Amino acid sequence: MSVTTVRLQAEVEQHLEAIASRLHRSKGWVINQALSEYIEKQQLEQERWKQTLEAMESAAQGKVVDASEVHSWLNSWGTENEQDAPRSGK
């Protein structure tokens, strides 16, 4: 494990100490947990953004499904005649 130094605002430091005390953990443990969660969230957001850009490009190329086909498919859910998801014509 490596060591990194950070400068914290006084208010942040106070909150950090309170959380660490309440959890009976070290400040380092709390910081590590917080950063791990932050990094995971950022990676998920980056993947969602990538998927959004891909979807926008796909739509720009005309790879879309008519809304009535989507509604028909959704309305079929849970019925005996459940339909497969509609596909674009392109």
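Refer to the preceding data block for the structure.
Just so it is clear, the model here is predicted, and its values are computed rather than measured.

So, how was this worked out
- Residues numbered from 1 in each chain as written.
- Predicted model: local features only at pLDDT ≥ 70, side-chain atom pairs only at ≥ 80, totals over all residues.
- Heavy atoms only, no water.
- Helix = DSSP H or I, 4+ residues; strand = E, 2+ residues; numbered from the N terminus.
- Expected span 1.5 Å × (residues − 1).
- Phe/Tyr/Trp six-rings, centres within 6.5 Å; stacked < 30°, edge-to-face > 60°.
- Lys NZ or Arg CZ within 6 Å of the ring centre and 35° of its normal.
- Axes fitted to C-alpha atoms, helices over the stretch in contact; angles between N-to-C directions.
- Parallel < 35°, antiparallel > 145°, perpendicular 65-115°, else oblique.
- Contact = heavy atoms within 4.5 Å.
- Nonpolar A, V, L, I, M, F, W, Y, C, P; charged D, E, K, R; others polar.
- Salt bridge = Lys/Arg side-chain N within 4 Å of Asp/Glu carboxyl O.
- Buried < 20%, exposed > 50% of the residue type's maximum accessible area, 1.4 Å probe, protein only.

Next up on the list: helix α2 (residues 27–60). With 34 residues, α2 should cover 50 Å at 1.5 Å per step; its first-to-last C-alpha distance of 49 Å lies within 8% of that length. In the segment just after α2, Gly62 is the residue with positive phi, at about 85 degrees.

In this section: the packing of aromatic side chains. Each pair of aromatic rings is reported with the distance of its centres and the angle of its planes. One pass over the full model with this rule turns up one aromatic pair. Judged by centre distance (5.1 Å) and plane angle (90 degrees), the ring pair of Trp73 and Trp77 falls under edge-to-face. In this structure, Arg25 is placed above the aromatic ring of Trp29, and the distance from its NZ or CZ to the ring centre is 4.2 Å.

Turning to unusual backbone geometry, a few remarks are in order. Of note in this structure, His24 is not a glycine but carries a positive phi near 55 degrees. Here His24 shows up in the loop between α1 (10–23) and α2.

It is worth spelling out the packing of α1 against α2 at this point. Running from N to C, α1 and α2 point in directions that differ by 105 degrees, and their axes come no closer than 9 Å. Judged by the angle between their axes, α1 and α2 are roughly perpendicular. Residues Glu13, Leu16, Glu17, Ile19, Ala20 and Leu23 of α1 pack against Lys27, Trp29, Val30 and Ile31 of α2. Here the residues of the contact of α1 with α2 sort into seven nonpolar, no polar and three charged.

For the rest of this paragraph, the subject is the side chain of Ser76. Within the secondary structure layout, Ser76 lies in helix α3 (residues 67–76). Discounting chain neighbours no more than four positions away, the residues touching Ser76 are Asn81, Glu82 and Gln83.

Taken as a whole, this structure holds three salt bridges when the rule is applied. With its nearest N and O atoms 2.6 Å apart, the salt bridge here joins Lys27 to Glu13. One end of the pair, Lys27, is in helix α2; the other, Glu13, is in helix α1, and 14 residues separate them in sequence. A relative accessible area of 22% means that Glu13 is categorised as partly exposed. In this structure, the salt-bridge partner of Glu17 is Lys27, at a minimum N-O distance of 3.7 Å. With a gap of ten residues between them, Glu17 in helix α1 and Lys27 in helix α2 connect regions that are remote in the sequence.

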